[in-house]
Amino acid sequence: MATSGGGSYRNGTHRNSLKVDRPFSMNSNPKTSVKSKPLSSSGLRRSSTGSIGAAKDDAGVPGRVRVAVRLRPRNTEELVADADFADCVELQPELKRLKLRKNNWDSDTYEFDEVLTEFASQKRVYEVVAKPVVESVLDGYNGTIMAYGQTGTGKTYTLGRLGEEDTAARGIMVRAMEDILADVSLETDSISVSYLQLYMETIQDLLDPANDNIPIVEDSKTGDVSLPGANLVEIRDQKSFVELLRLGEAHRFAANTKLNTESSRSHAILMVHVKRSVKGKHSALSSEKGSNLHMKTLRPAIVRKGKLVVVDLAGSERIDKSGSEGHTLEEAKSINLSLSALGKCINALAENSVHVPVRDSKLTRLLKDSFGGTARTSLVITIGPSPRHRGETASTIMFGQRTTSIFWMMFLCAGTSIVWFRAMKVENMLKLKEEFDYKSLSRGLDIQLDKLISEHERQQKAFENEIERITTEAQNRISEVERNYEDALEEERVKYQRDYMESIKKLEEQLVKNQQKHGFEKVPVRSEDDCSALTSNTESSKISAVEEVSELKKLLQKESLLRKAAEEEVNSLKSQLAQWKRSEASGNSEIIKLRKMLEDEALQKEKLEGEIAILHSQLLQISSEADETRRRLDRGGSGKVPGDLDSLFSQVKLQQQEPGNGEKASVAKLFEQVGLQKILSLLESEDSDLRIHAVKVVANLAAEETNQEKIVEAGGLTSLLMLLRSSENETIHRVAAGAIANLAMNETNQELIMGQGGIGLLSITAANAEDPQTLRMVAGAIANLCGNVPLKLMPINQQASICYLGSNVDDE
Ligand code: ADP
Ligand code: MG
């Protein structure tokens, strides 16, 4: 049984069996002619973020299926109930492991591609679970993202959350579309979406609920699966997509109410078709070969098609008992059917098996072309922390027992989550390294990073909104000023025109009057009287002409004053406009400053992520080294040295038996990991084995000039002299004398040793010594103390260290 301890379920599996071929390698053999175009190395995407998923890809070990597990945080009710979830399940995200406790003394450990704790942000979940799939869809492959878990554990939260009230909460569907829209060009590419529900082996269109028995059609040539009966809506912006999701969700709710069921009993399926026209490779080739331009233009555009399917699966709770919960046997059977058929398919994919049994259910038939050789599948298993059904389902732990190398498990976790998953059961889990500081540090950093990511996302959104608001406001102001300016100009123009017309009219009238007068003057002169009358007439017309001129002058003056005033008004409007422009520019510089701040923050975040990645890799390296050492130790049958330093001392001990540079490195590592103080404190340990190990380590450290001062400062010299005084063990005497000899190379230390009665102690040690090697060490120490060159054991560093390392506790 899978749950029995040890590793009886392992079935001969070894870790590598999980690592199937890279689906996106250049050598992969895509099916259709469109897809068969090999991806250029630049076309091979890398996740732009430092996601762990991407890191793993880079290491070259992905499968066609990646399985992640995500724990939902406790809700208020669960917090009140004080469910001790940690007692049953322990997540070890840094090791990508989940530990399932069976009882007080026994637990099983499973390995996943990703382990996402309750602190994992939606953004990180997207990047780890979905982003690689979305990127491959953009490259023209099919991909599937599914969520599996008991009702209430967060499937819909993970996949379908719209996140309008809190941007950081956006789920995988919304984020995937954002990434797709950002990558395609709407002039040449197209995105279309169907949204469906699968209930009791019947497919219903969530965008048009009347459409409720949609057949699946499979192209016998290409193997492509399609649903010609389903609505296919073209998407051109994010807003309309979110609207479409909201509409689908509302229809799903209404349809389920009508069928008298719950949405948790049906699968919701979102299909996103991405068609991209690809330019470049072919036309570039033809032009290189010198073919004419016509050839190039006649060549049909290449279309690259990718399909992303996101499936929010029906709840995985024990459906065989569902009759008692008001569900029909038929419904239970159909849910069982599709989930177990899906299980078989994913199992086959994970094993890289040639045959994937898709025929068994509609769900798997629908996903057939997304299970192909080049497709990527991500499964996220959601688990909840509530202990409600603990006792009830203990007997149903096994689900669809399989004799394959992959473990399909259904397990009851804290009573709530019956989860099947492909997981690698890790045998003989070592207790090593469980107290690592790195572990809690890394976990702490992960939590902190996730919080920062959410906060950063919120801030970025707020910042973008603010920029948009400022820009709109500035634009409004500018257009208002422009409008005012234009109105004022128009008014002035009209006024001028009116005045001008009036002046013209007056002048014309004047002209007519004048002409009339002059016409009168032309009458022939007949008499003296007439003459005098003419003279007086001329006089009066002269006066009126002068008056007229002065009147005209006045009018002209008035006109020029008016013009001046208008010009001043125009100038003041112009300066107002300039002022608006200036304030707009200062707004822009503010925006630039804010952008810069945002960039700095992003850099900071990147740095943090980098540090975490380094910590991760250090942790993994140390963990694997420890595993290795333990395994070697187990083989050697040792294990005498007790205490939490045992593995490290064992490591040193092992390497003592294998001469080479490794010993120095491991002592240095020990020094680094355990700390000098801790090593020195072990010189006074009750356990003589430990004492011997410690004095050897100190002697080795003392052989390095750089360590000598630190040892003396930390009281190591005094401890060594104490050992000479108090110990009766000759190995300790020999090694301590050697260490003192090394420390005595330095003049300051010589005085210290003398001052603490070192010469006397060394003499007594020599007097009691039986082993000539001890005598040699003592002699060396005394020689160094006396500065007596001929007596010195040269080179004492090497000799001494070889001597300590060469001796072994067991050969005392
Ligand atoms: P499912 O679809 O599996 O039935 P839901 O997605 O509806 O579960 O989640 C159940 C409840 O738990 C919802 O109220 C949801 O908001 C909440 N929830 C689920 N996952 C999380 C999470 N990671 N963080 C916060 N709340 C969550
Ligand atoms: Mg749901």
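Residues numbered from 1 in each chain as written. Chains lettered and ligands numbered in written order. Predicted model: local features only at pLDDT ≥ 70, side-chain atom pairs only at ≥ 80, totals over all residues. Heavy atoms only, no water.

### What about the nonpolar core?
One recurring pattern in soluble globular proteins: nonpolar side chains tend to sit buried together. Counting 43 residues, the largest nonpolar core has Leu98, Leu227 and Ile269 as the members making the most contacts within it. If one sorts the elements of this core by residue count, helix α9 (residues 329–350) sits on top with 7 residues. Apart from residues no more than four positions distant in its own chain, leucine 227 is found in contact with Leu196, Ile203, Ile214, Pro215, Ile216, Met271 and Leu366. By size, the runner-up hydrophobic cluster in this structure holds 40 residues, among which are Leu116, Ala120, Leu162 and Val380. (Core = buried A, V, L, I, M, F, W, Y, C linked by side-chain atoms within 4.5 Å. Buried < 20%, exposed > 50% of the residue type's maximum accessible area, 1.4 Å probe, protein only. Helix = DSSP H or I, 4+ residues; strand = E, 2+ residues; numbered from the N terminus. Contact = heavy atoms within 4.5 Å.)

### A few points about unusual backbone geometry
If you check the backbone angles, lysine 96 has positive phi at about 55 degrees while not being a glycine. Note on placement: lysine 96 falls in the loop between β2 (89–92) and β3 (97–101). The backbone phi angle of glutamate 201 is positive, close to 60 degrees, even though this residue is not glycine. If you trace the backbone, glutamate 201 turns up in the loop between β7 (190–199) and β8 (202–205).

### Quick notes on the site of ligand 1
The local shell around ligand 1 consists of Arg70, Arg72, Pro73, Gln150, Thr151, Gly152, Thr153, Gly154, Lys155, Thr156, Tyr157 and Arg161. At a separation of 2.6 Å, an oxygen atom of ligand 1 approaches a polar backbone atom of glycine 152. The contact in question runs from an oxygen atom of ligand 1 to an N or O atom on the backbone of tyrosine 157, over 2.7 Å. For ligand 1, whose free accessible area comes to 550 Å², the fraction covered by protein is 66%. For the shell around ligand 1, the element with the most residues is helix α4 (residues 155–160), which contributes 3 residues. Counted by class, the shell around ligand 1 contains 2 nonpolar, 6 polar and 4 charged residues. (Near = heavy atom within 4 Å. Polar contact = N/O pair within 3.5 Å; in protein donor to acceptor, adjacent residues only side chain to side chain. Areas by Shrake-Rupley, 256 points an atom, 1.4 Å probe, with all protein chains shown as cover. Nonpolar A, V, L, I, M, F, W, Y, C, P; charged D, E, K, R; others polar.)

### Here's the deal with the environment of leucine 573
Mapped onto the secondary structure, leucine 573 falls in helix α12 (residues 528–636). Residues leucine 573 and asparagine 484, spaced 89 residues apart in sequence, show a C-alpha to C-alpha distance of 8.5 Å. In contact with leucine 573, not counting residues within four places along its chain, are Tyr485 and Ala488.

### What about a nonpolar patch on the surface?
A surface patch of nonpolar side chains, about 310 Å² in accessible area, is lined by Tyr500, Met501 and Ile504. Its location among the elements puts isoleucine 504 in helix α11 (residues 437–521). (Patch = residues over 30% accessible without salt bridge, like charges linked within 9 Å, V, L, I, M, F, W, Y side chains within 5 Å. Salt bridge = Lys/Arg side-chain N within 4 Å of Asp/Glu carboxyl O.)

### Overview of helix α3 (residues 122–138)
Along its length, α3 reaches its greatest deviation from straightness, about 55 degrees, at alanine 130, and the proline proline 132 lies no more than four positions downstream. Among the 17 residues in α3, 17 count as buried, and that is most of the element. Just beyond α3, the residue with positive phi is glycine 140, at close to 100 degrees. (Bend = angle between axes of the 7 residues up to and from the residue.)

### Observations concerning the packing of helix α16 (residues 688–702) against helix α17 (residues 705–713)
Interhelical geometry of α16 versus α17 gives an angle of 125 degrees and a closest axis separation of 7 Å. For the element pair α16 / α17, the angle class is oblique. Across the interface between the two elements, Val698, Leu701 and Ala702 of α16 pack against Asn707, Gln708 and Ile711 of α17. Across the contact of α16 with α17, the residue classes tally to 4 nonpolar, 2 polar and no charged. (Axes fitted to C-alpha atoms, helices over the stretch in contact; angles between N-to-C directions. Parallel < 35°, antiparallel > 145°, perpendicular 65-115°, else oblique.)

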